[in-house]
Structure formats: C-alpha cells, structure tokens
Protein chains: 2
Amino acid sequence: MILSNILPPFSGGIAALMAPIPFLATVVAEDSPIILSGVLLTLVVIYLASKFGAEVARRLDFPPVLGELVAGVIVGVSALHLVMFPEGGLSASDSVIMTVLQGLNQLTPDALTRIFESQSEVISVLAEIGVIILLFEIGLESDLRQLKEVGIQATVVACVGVAAPFAAGTAGLMMLFHVAAIPAIFAGAALTATSIGITSKVLSELGQLKSKEGQIIVGAAVIDDILGIIVLAVVASLAKTGEIDVANVIYLIVGATAFLMGSILLGGVFNKSFVAIVDRLKTRGNIVIPAFIFAFFMAFLGNAIHLEAILGAFAAGLVLDETDARNELDALIKPIADLLVPIFFVTVGARADLGVLNPTVPENRAGLLIATFLIVVAIIGKLIAGWAVFGQPGINRVAIGVGMIPRGEVGLVFAGIGSASGILDKPLEVSIIIMVILTTFLAPPFLRVAFGLSTNPIPESTTAVETASE
Amino acid sequence: MILSNILPPFSGGIAALMAPIPFLATVVAEDSPIILSGVLLTLVVIYLASKFGAEVARRLDFPPVLGELVAGVIVGVSALHLVMFPEGGLSASDSVIMTVLQGLNQLTPDALTRIFESQSEVISVLAEIGVIILLFEIGLESDLRQLKEVGIQATVVACVGVAAPFAAGTAGLMMLFHVAAIPAIFAGAALTATSIGITSKVLSELGQLKSKEGQIIVGAAVIDDILGIIVLAVVASLAKTGEIDVANVIYLIVGATAFLMGSILLGGVFNKSFVAIVDRLKTRGNIVIPAFIFAFFMAFLGNAIHLEAILGAFAAGLVLDETDARNELDALIKPIADLLVPIFFVTVGARADLGVLNPTVPENRAGLLIATFLIVVAIIGKLIAGWAVFGQPGINRVAIGVGMIPRGEVGLVFAGIGSASGILDKPLEVSIIIMVILTTFLAPPFLRVAFGLSTNPIPESTTAVETASE
C-alpha cells in the first residue's frame, strides 16, 4: 500500500478528524492519491495520443514526432481539453481530467485547484525529464570528434541564424508595421530561437543525426540555444531599464562556454572512471543508474548556473558516448526514452493554443498579417544561415537551414514573457505565437523533403521484434 | 530551451514586471526551473544512495533492497536531511537540498516553501510510479496459473496473518498495558499489514519469486493488502462514530474481488488484441507504450475505485505475462524499473524517523517497551500464518511466515492516521513506528536465512555485461 493512499474512501471522516492537528501535512496526505490518479490518467491520454499520432504520421510518410505534436494539439487546450495546464487564465474546471476526478471524489473547488496545479507540475517536470533524456540520448548518438570538426561551421550557422532573423524581423516590424522599437526588438528576439528538441528528434527519425548536415544542425542548435538565453537576457534588461545589463551578459557567455568546454574536458577523465565503476557494480541497474547520476547531475548544473538542463544532459551524453559501455547504454536508454520523451512532445502540442489562428476573432486579424511577415522572416532567416556554411563542398545547405527553422517551446517563452511584461500588445503576441506554431509544425516535413527522403523508407524499426531486439 | 526555464537569471526583474498581470501563471513559471533543479538534485542523491546501499548490502550478503532502505534512512530525516518531505512539521529550512537551492537562487521564504512542497510532491509521485512499475514487473514475473493453484493457501495465509496479530496485539495491549479498547484496536490493526513491495522485491532478488513459497507469499500479500484497506476502513469508522460503516466495508470487499477477478477474466480477451496491436505498430516504443497504457490505466482504475494503484499494476502484469510479447516486454521493462523503483525504496527509508528509537528521549521509553511487545506479536503472528498452509507437504512454512513480516509503508499509514486523529497517544504511536521499522529491516535478512540461502550465491547478475544482456 502506498503511503496515505488509503485515505480517499472515507476522506470526509478522516479529514474532519485530521483538521485540528497541524503537525501532519494533512493537505498533502489527503490530496496525494487523487494527484496520482490525475497523473496516471494524464499519462494514459498522452501515451494514447503519442502512439496514435506517431503511427498516423508514419503511414502518411511524415516524421512520427510531427504526429505526436499534432496529437498533443488535439488532446490539449485547442480541442479536447484533456491535457491542460494552469496557464493563460485556465482553471481546473477547463480540464476534462479534473472534471473526471471531481466526479470520482466529490472535491471542493479549492482542493480541485490544488490538485490541478500539483498534477500539472508533476506532468511538466516529467516532460522536462523527458527532454533531458532525449538530449542525453542525442548526445550519446552524436560523435564528439565529428562535432569538433564541424564546430566552426555550426558556430557560423548559429550566429547567422540568430542575426539574420533578428535584424530583418526588427527592422521590418518598425518600417512596415510601424511597431515601436522595444516591442519590435522583442519580436525580433523571438525569431532567433531554435527548438533543439524537435530538430534533433526529427533528424534521428530521418536517420540523419550522424550525417555531416545533422551534426552541424545539432551543434548549431546547441549554440543557438545559448545565444537565445543571452538575447533574452539582453532584451529583458533593455525592456526593464532601457539599458543592457552587461555584467549578466558576460556572465552568461563565459558561463556557457566554460560549462560546455569544461564538461567535455573533464569528461575525458570521467570516461575511464565511469567504466571502472560500472564494472565493479554487481546489483541491478549497474549501468543505467551511474549513467543517470551523471546525466541528471550535469542537467542540474546546467540549470543551476542559469543555463539549461538540456545542455548539461547533452554534454553528459557526449562524454559517455566515448566510453566502452556505450553500446549497452544505448540499448538500455531506448525503452526509458520511449516512455518519457513522448510526454515532452505531446505537452508542447497540448500547450499550443490554435485559437489564435481563428480569423473570425477580430483581434486575431491584425496578428495574422504580422504573423505572415514573421513566418517569412523566420524561414528565410534560417535558410540564409544554412547558406553561410563554408569550406564544405557538396553539403546540403538547404537541409541545414530548414533544420534550424522550428522555434518550438523557446519561441513561446519569448511570447509569454513579452506579453506578461506588457511590452507586446495582443496582435504582436498572437503573431509570435502563430509564427512559433507554424515553424514548429512545418519544419519536420520540410526537413524530410530537404534531405531528399520523400521516396526512401524511414530507417526505423518496421517490426515489433526488430525494435525489441535493437 | 524548456518553457520558462530562461527566467531565473533575472527573476527579480521579470518577476517585478510580471507581478501586476494576473493572466499568466507567474508563480508556476518562475518556480518551475528551480523545482526542476530540486527534483534533479534529489534524484542524484537518491540514485547515489540506492547504488551505494545496494552494493554494500550485496557484499555483506544481504538483499540489495535492504541496502537501499538503509541508505534511504541515511540520506533522509534521520541523518543527512537530504531527501526530506514536508511531513511531521518539517519545513523547507530542514532540507539541505532546499538550502542549496536557496543559496543558488536567493528565494523568499514563501517561494522556498512552495518549491519544497512541489518538489516533494513530484518525488512522491515518482516513488509511487516506481512501486507501480515494480508491481507491474512482479506481475509479469508471476505465473497466473501457479497463483491460481496456490490461491486457497494464499487466502488462508493472508487471513490468519491478519487475524492472529490483530487479536494478539489488541488483547495484549488491553491486558498487559491497560490501553483503552479503541487505541488498542487501532494498534492491532497496524499489525495486520504486509508490505507487498518490499516482500516481492526481496523474493525477486533471492530468485524465489517463482517458487511455490514465493507465489504463496505474493498471493497472500496481495490479499493482505486488500484486507488491510478493509481493516483500516472499519477501524477508522469505529474511531470516528463508534460504529462500523457496513456499507463501505461491503463496497470495498465486493469492489476488490470484482476488480481482481474482472481484470484477469477480461485480460484473457485483451491478451490477443495486445499482441495484434503491438505487431501493427511501426514507430519507436511499439511494445513499451501499449504496455504502459494498460498498466497505468489499471493502476488508475485501482486507485479510482479506492483500492490501490499497485493492485491494478500487478493485475496488468499478470495479464500481459500470458502474451507472446512477454519476453521482449520483460527485457524492456528492466531498465525502466531500474531507474524508477529505487526512488520508492530510498524514500521509504528517508521518511522513517529513527529518532523514535532514541531511549534518552523520555517519551520514547514507554514506547520502546510497548514496541518490544508489538514486534514479538508482529513476528509470531505472521509465522503462525505460515504454519497455516495445508496440503503442501515439504513446503517451507517458515519462509512463508517470514515473507509476510515486513510492514513497510503500510504500517506507517496506520500510525499517521491514528496519531492525526488523536486516537493514539505518543508512546503508542512511537511503538507502532518502531515495530514498522524493525519488521521492515529485519525481514529481508531473515527471509534469506529462512530460504536456506546463506551459503548459496544470490542468483543475480554478477558482471556488467550480463546485466545489460539480460
């Protein structure tokens, strides 16, 4: 029996008995089996959506991850209201799953709100652990030597891919749409982002992760991620004080560089001790647990120094890719990733509110016009970045540019902060959200075409047995 | 970049900007990267503790799970204060990990409390998912036909194992210690529990899960779990109104029986469709995701009808054990279980406050005397249950009895509810907690001796390669 799981059948009675004694955390104890129910039911919905979406996408010859994103939209705030988060003024009564729990447990509105928030927090953390594991897996699949070889190209692609859409977006908004400087800069900044999670997953599904183009894209997406953090810091301090917090910007640049370089250098030493430790362990989980201690600790470090958890996980994967335990680790991480990564993609889709695309809502119309402009800049800006690659004759520049297009959840952060801080008016906020959604959903099929894979079979498992024995 | 992960470097500024706009969930957005940091750091500590404890235990020839429990005690409330939960009057400042996060992020006391609660909720749910996956795995390893064969023996063992310690404990407390009837009944009820998680994990580690004794113990522990829910319902309504809520008791008995029987009967049908579905899926996770949709849905059902999530997961494992996909599924679940199950055992240890064993605290002394009595009853009561097995010549009755001894987290629920409701005074509460801790920690080594395994090697992996290729 799980601690306190036993309470609900007579929660009224026990709650009444418990109320006057403060030292036992009664609120938590009473809610927690219901929170668990909510989490389990949400996971069932997420898994059903992810499998359904992935399988339909595959049969239509799209990357499975696109299907997971679309299925997420269907079960999320835009349609079925099953996978919901307490954001944008949504309350527990907007969530179908909360309504089900309410019916099963006769909860007070206060208790329901608490449970909705806790449940959503758990699902959010699971989604973040999902993308951490995805980037750990991508790091394991990437080749550090090859990444070093394409390092300069990746840096150029990232810098051009940040500068071009930022400049074109800001200038265009100011000149064509007469937007004031600060909101225009903010919207321009939102154009710089690249969703490393979506890009790398699509590359992996297309079997292109280890190609030179794939490694340039992953390298550039990592650098773009760091540049994005710096751009947001600059824009946010500009918006707040009208000045740029130079010290913070320098801290972020130095911190990011030191973190990535340091972890890779130290990794060379850790490599050998990792294998030595794994060989000595004799109980279950002798490879998985040390690997995840390292991955989660690096993710914590990345998060703690105000960078990104996923950067730490990616670095951890790169380091462990150099060890002899690598092939075993690859096989063991697959089922773990299969279980946790879909939570990330489905929730990204579930959070995207397609209501902003509805042209019958008057305030969306102005947004749709600006959005069209932003989407054009978003696509062309990254395609230019692809053309900036030099010294690589015969490389697929279009594929590299297309690989940088999806903004994903990163762009939504800009829109959320901009709107909350009052910098962005409604049309501009809506247009950024539309730009983010469309670049995210268009990039996977575009990438497939850019790699000329339209007629080749996707190099993924075709039978149950094959997958299981991978 | 993860949604809102970008906030902390300038959280002061953004928080100030965000404060007046209510529609964005600023609290959640601002806290969530710090909650993620807390979860990651706690998981690193839990994994370090679990591996360290398991390896030391194995070298000392104890079951690894005992090492995980003890390591949990060391990192928990009793010693290092690393893995802490907001229970029993503990606040964020008692947690070393929260102090670290506080140092990294300059949080207000309110924010720290919020983050402590959210972080603990996430770890609690992860632990519960861990024990759900453990019971799913145990179900997969169990053999439904063999369980049916030993069903009557298991029922007898469970009933005797509930009745004997309940009667002896209640009578002894009233006659020897002059405890009033209601608290004596409550303490007697706490003696009935069996921790199915700890028992089945130890059996699995000893390679005895599939022996006749092992299957009787697992079957009896499942029935004991259901009896425990009923006993608690009876005792709680007795304590509250002085009467027994007969309708609720009948509902629980009928519900539990219908749930287990129904899921196994329906499972026979679901079996074939499961394999048919798995064979048609062509994207990653084609076996794992359908299996977990089933397991989590059954766990949700078990929880929703006010039984137990783990009963649903166990039933799901039993059903899927009958399918052709079973061997592949076994292999795929191993790394997932290795990652999530230790969270459960370490947190069970971390929540156990060994401070109640300190005889220099005056109020513990009365408890220690009663505890000695309760421990004797707890052990003898379950040993009698083992001797109640009939029609099985040559069976190891001692092992069966010993297998039922660990009370685990179940006993702590009784102590918590009894103390919160004011039924139990401090000495009686302390004595129940001591009884729970000691039976939990003594049972694993006892079980090993009872199976006569003291000189045989534990049939578990001995090298890294072997584990990985299992």
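Residues numbered from 1 in each chain as written. Chains lettered and ligands numbered in written order. Predicted model: local features only at pLDDT ≥ 70, side-chain atom pairs only at ≥ 80, totals over all residues. Heavy atoms only, no water.

Going by the annotation in an unreviewed UniProt entry, the name recorded for chain A is Cation:proton antiporter, with Tolypothrix bouteillei VB521301 given as the source organism. For the record of chain A, the UniProt heading Sequence similarities (unreviewed entry) holds the text "Belongs to the monovalent cation:proton antiporter 2 (CPA2) transporter (TC 2.A.37) family." Quoted verbatim from the Subcellular location (unreviewed entry) field of UniProt, the annotation for chain A is "Membrane". (UniProt positions renumbered as here; feature names shortened; annotations may be inferred.)

Caption draft 1: Main features of the overall build of chain A. Assigned secondary structure in chain A consists of 19 helices and 0 strands. When burial is assessed residue by residue, chain A has 63% of its 470 residues classed as buried. Within chain A, counting contacts between residues at least 6 apart in sequence, those at least 24 apart form 76% of the total. Here chain A displays about 15800 Å² of accessible surface, and carbon together with sulfur accounts for 68% of that area. (Helix = DSSP H or I, 4+ residues; strand = E, 2+ residues; numbered from the N terminus. Buried < 20%, exposed > 50% of the residue type's maximum accessible area, 1.4 Å probe, protein only. Contact = heavy atoms within 4.5 Å. Areas by Shrake-Rupley, 256 points an atom, 1.4 Å probe, with all protein chains shown as cover.)

Caption draft 2: View of empty space enclosed by the protein. Scanning all chains against the criterion turns up 9 cavities of 30 Å³ or more. Counted as a void, the largest cavity has a volume near 150 Å³. The wall of the largest cavity is formed by 18 residues, among which Leu 126, Ile 129 and Leu 340 of chain A together with Leu 126 and Leu 340 of chain B lie closest to the centre. For the lining of the largest cavity, the elements supplying multiple residues, two or more each, are α2 (26-59), α5 (109-141) and α14 (326-351) of chain A together with α2 (26-59), α5 (109-141) and α14 (326-351) of chain B. (1 Å grid on protein atoms, 1.4 Å probe; cavity = no way out; pocket = protein on both sides within 12 Å on 5 of 7 lines; lining within 4 Å. Points joined across faces, edges and corners; volume = space filled by probe spheres on them.)

Caption draft 3: Local environment of the domain arrangement of chain A. All names here are of chain A. Here chain A is partitioned into domain 1 (27-122) and domain 2 (133-451). A straight line from the C-alpha centre of domain 1 to that of domain 2 covers 25 Å. Taken together, the contact between domain 1 and domain 2 spans 23 residues of the former and 22 residues of the latter. Across the domain 1 to domain 2 interface the summed buried area is about 2000 Å²; carbon plus sulfur atoms make up 73%. Between domain 1 and domain 2 we count 0 salt bridges in total. For the interface between domain 1 and domain 2, the tally reads 6 residue pairs in polar contact (both at pLDDT 80 or more). Put simply, the parts of the chain that give the side of domain 1 that touches domain 2 at least two residues each are α2 and α3 (64-75). (Domains from an automatic or database assignment. Buried area = accessible area lost by both parts, 1.4 Å probe. Salt bridge = Lys/Arg side-chain N within 4 Å of Asp/Glu carboxyl O. Polar contact = N/O pair within 3.5 Å; in protein donor to acceptor, adjacent residues only side chain to side chain.)

Caption draft 4: Expanded view of the nonpolar core. Within the largest apolar cluster, 331 residues are counted, with the highest numbers of intra-cluster contacts made by Tyr 47, Phe 136 and Phe 292 of chain A together with Tyr 47, Phe 136 and Phe 292 of chain B. The residues contacting Tyr 47 of chain B, other than those within four sequence positions of it, are Ile 289, Phe 292, Ile 293 and Phe 296 of chain A together with Leu 339 and Ile 343 of chain B. (Core = buried A, V, L, I, M, F, W, Y, C linked by side-chain atoms within 4.5 Å.)

Caption draft 5: Region of the structure containing a nonpolar patch on the surface. A surface patch of nonpolar side chains, amounting to about 400 Å² of accessible area, comprises Phe 52, Val 56, Leu 60 and Phe 62 of chain A. Note on Leu 60 of chain A: relative accessible area 55%, which makes it exposed. (Patch = residues over 30% accessible without salt bridge, like charges linked within 9 Å, V, L, I, M, F, W, Y side chains within 5 Å.)

Caption draft 6: Expanded view of unusual backbone geometry. Residues and elements named next belong to chain A. Even without being a glycine, Gln 106 presents a positive backbone phi close to 45°. Residue position: Gln 106 is located in the loop between α4 (96-105) and α5. In this structure Gln 106 comes out as exposed when scored by relative accessible area, which is 66%. At His 178, a residue that is not glycine, the phi angle is positive and equals roughly 55°. Along the chain, His 178 falls in the loop between α7 (151-176) and α8 (181-190). For His 178, a relative accessible area of 67% gives the class exposed.

Caption draft 7: Inspection of the packing of aromatic side chains at higher detail. Counted according to the given criterion, the structure contains 16 aromatic pairs over all chains. Here the aromatic rings of Phe 270 of chain B and Phe 274 of chain B are separated by 6.0 Å at their centres, their planes lie at 45°, and the arrangement is tilted. With Phe 270 of chain B and Phe 274 of chain B both in helix α11 (residues 246-280), this residue pair falls 4 residues apart, about one helical turn. Using a relative accessible area of 26% as the deciding quantity, one classes Phe 270 of chain B as partly exposed. Ring centres 5.1 Å apart and planes at 65° place the aromatic pair Phe 344 of chain B and Phe 345 of chain B in the edge-to-face group. Through a chain of ring-to-ring contacts, the aromatic side chains of Tyr 47 of chain A together with Phe 136, Phe 292 and Phe 296 of chain B assemble into a single cluster. Above the face of the Phe 85 of chain A ring, Arg 351 of chain A is positioned so that its terminal group lies 3.9 Å from the ring centre. (Phe/Tyr/Trp six-rings, centres within 6.5 Å; stacked < 30°, edge-to-face > 60°. Lys NZ or Arg CZ within 6 Å of the ring centre and 35° of its normal.)

Caption draft 8: Main features of the environment of Phe 314 of chain B. All names here are of chain B. Structurally, Phe 314 is set in helix α13 (residues 309-320). Along the chain, Phe 314 and Ser 142 lie 172 residues apart, while their C-alpha atoms are 9.2 Å from each other. Beyond its immediate sequence surroundings of up to four residues, Phe 314 is in contact with Leu 135, Phe 136, Ile 138, Gly 139, Ser 142, Leu 147, Val 218 and Val 222.

Caption draft 9: Up close: the pattern of salt bridges. Counted under the stated rule, the structure contains 12 salt bridges over all chains. For Arg 284 of chain B, the salt bridge is made with Glu 137 of chain A, and the minimal N-O distance between the two is 3.0 Å. Here the residue Arg 284 of chain B occupies a position in the loop between α11 and α12 (288-304), and Glu 137 of chain A occupies one in helix α5, the pair thus bridging two chains. The exposure class of Arg 284 of chain B is buried, given its relative accessible area of 17%. Overlapping salt bridges bring together Glu 137 and Asp 338 of chain A together with Arg 284 of chain B as one network.

Caption draft 10: Just the packing of helix α10 (residues 212-241) of chain A against helix α13 (residues 309-321) of chain A, in detail. Residues and elements named next belong to chain A. Where α10 meets α13, the axes come as close as 11 Å, and the angle between the chain directions of the two elements is 145°. Between α10 and α13 lies a crossing of left-handed hand. Facing α10, whose interface residues are Val 218, Val 222, Asp 225 and Ile 226, α13 presents Ile 310, Leu 311 and Phe 314. (Axes fitted to C-alpha atoms, helices over the stretch in contact; angles between N-to-C directions. Left-handed = near helix turned anticlockwise from the far one by under 90°.)

Caption draft 11: Inspection of the side chain of Thr 283 of chain A at higher detail. Tracing the backbone shows Thr 283 of chain A in the loop between α11 (246-280) and α12 (288-304). At 2.8 Å, the side chain of Thr 283 of chain A and the side chain of Lys 51 of chain B are in polar contact.

Caption draft 12: Quick peek at the side chain of Thr 199 of chain B. Residue and element names in this part refer to chain B. Locating Thr 199 in the fold gives a position in helix α9 (residues 196-205). Thr 199 gets classed as buried once you look at its relative accessible area, which sits at 2%. In contact with Thr 199, other than residues within four places in its own chain, are Thr 194, Ile 217, Gly 403 and Pro 406.

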